[in-house]
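Listed below are the residues making up each chain.
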Amino acid sequence: MRARTIQIITLVSILFTGCEEKTTNIDIMHDDGKPVLALDYRDFDQAASTLVQSLLASGALKKEGGGRYVVATGRVVNDTMQRIDTDQLMAKIEEEMLNSGQAVMTSAIGSGEDKLIHDTRKLRDAEEFDQSTTPARGTLIAPELTVSGKIFQRNIRYDKKTQQVEYYFQLKLSDVKSGLRFWQKEIIVGKRGSNKSVAW
Amino acid sequence: MKALTLLFILLIFLATGCYEPYDSRIHVRDEVKSDNIIDNVVTRPVAKAFSALIGEGIEIDEAVLRRNKAGILELYINGHNRAYGTKRFRYRVEWLDADGLVLETKTSVWLQASAMGKSPFSLKAVAPRPEAVNFRMDTRKWE
């Protein structure tokens, strides 16, 4: 009787172990994984790539007379039902703008602000710091262009079993001095899936 | 009588062969344009089945590189879809510098593209940096 019970327990344990989903690393370069209804890294990669290519092709970053534009990152609004850190998109775009050799990003102002830049300037009167090593007044460079945008979502009932989720990525580049918009682009990522799936 | 029938068929084929589209830039699709002796409601399903059987897909006609005003290389791919159905695929463009080395960039990701049946299509890619002098492109099935 006891041996029988042990056999059953062993069998049940083996069966349950077989059902467990194995954890695997994603092949980021060639991901054959199924699409998901929510936004995943592939959607951000695709949106960032298309936006950057459009920006570079537009020539809006080409400065008359040479040199590089100083660009500040403005607000990128997340108006989706998901908790998205918009830096996920902007970090890629900023990196490519920098690497293009046509723009430098500022960390002195905007959503990419580095608080330490301002904190370091508060050390001007601190006795503990060598004053020759603190930044002088009037050394920060003001931005010439700002890049800002919005990500928003629309959920549409497609049929009884299917829902359609549309994600819009909008980005614009504006001139600080004149307020004129030099470039803007919208990317749509559309998905259809089961009504039972949750897109947030 | 037999010779007359043959002559009639020959005339129809010749007449069809003489058909020229009004303007090659305008593509009028099946079921929108007028049917003819070769392409009609009877022959179309057979042609579609044959196309699927021999595995027709997309073909690239030309790849044009040009440098834009900002000094950035742009790639224009022109191709056409030989199949009757829409072909959805992914493509990725990698950019090479003067030494033939791949430029590391966030823009070299798999992007989606689709070409409708029996239609031309175009793709455009923009290099991330002025150092790019050449490219290589890969495609894969849109899962």
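The structure this text deals with has already been given above.
Throughout what follows, the structure given in this document is the object of discussion. Just so we're clear, the structure is a prediction, and the values are computed from it rather than from any experiment. (Residues numbered from 1 in each chain as written. Chains lettered and ligands numbered in written order. Predicted model: local features only at pLDDT ≥ 70, side-chain atom pairs only at ≥ 80, totals over all residues.)

Another aspect to go through is the nonpolar core. Among the nonpolar cores identified, the biggest contains 36 residues, and Leu-51 and Leu-89 of chain A are the most heavily contacted of them. Contributing elements (two or more residues each) for this core: α2 (41-58), β1 (69-79), α3 (87-99), β2 (103-105), β3 (145-157) and β4 (162-175) of chain A together with β3 (87-96) and β5 (120-126) of chain B. Of all the elements, α2 of chain A adds the most residues to this core, at 7 residues. (Core = buried A, V, L, I, M, F, W, Y, C linked by C-beta atoms within 7 Å. Buried ≥ 20, exposed ≤ 12 C-beta atoms within 10 Å, placed from the backbone. Helix = DSSP H or I, 4+ residues; strand = E, 2+ residues; numbered from the N terminus.)

This part takes up the packing of α2 of chain A against α3 of chain A. Residues and elements named next belong to chain A. The interhelical angle for the contact between α2 and α3, taken along N-to-C directions, is 35°, at an axis separation of 9 Å. By crossing handedness, the relation of α2 to α3 is classed as right-handed. Here Phe-44, Ala-47, Ala-48, Leu-51 and Val-52 of α2 come into contact with α3, specifically with Gln-88, Leu-89, Lys-92, Ile-93 and Glu-96. The class makeup of the residues in the contact of α2 with α3 is 7 nonpolar, 1 polar and 2 charged. (Axes fitted to C-alpha atoms, helices over the stretch in contact; angles between N-to-C directions. Left-handed = near helix turned anticlockwise from the far one by under 90°. Contact = placed C-beta atoms within 7 Å. Nonpolar A, V, L, I, M, F, W, Y, C, P; charged D, E, K, R; others polar.)

Let us look at the sheet that holds strand β1 (residues 58-67) of chain B. Residues and elements named next belong to chain B. With antiparallel pairing, 3 strands are arranged side by side in an open sheet as β1-β2-β5. With partners counted over all chains shown, the strands left at the sheet margins are β1 and β5, one partner each. With direction set aside, neighbouring strand axes in the sheet form an average angle of 20°. Of the pairings in the sheet, the one linking strand β2 (residues 73-81) to β5 comprises 7 bridges and is antiparallel in character. (Pairing = 2+ DSSP bridges.)

Taken together, the contacts link 20 residues of chain A with 16 residues of chain B. Mapped onto the side of chain A that touches chain B, the elements with two or more residues apiece are α2 and α3 of chain A. The dominant element in the side of chain A that touches chain B, judged by the number of residues it contributes, is α2 of chain A, at 9 residues.

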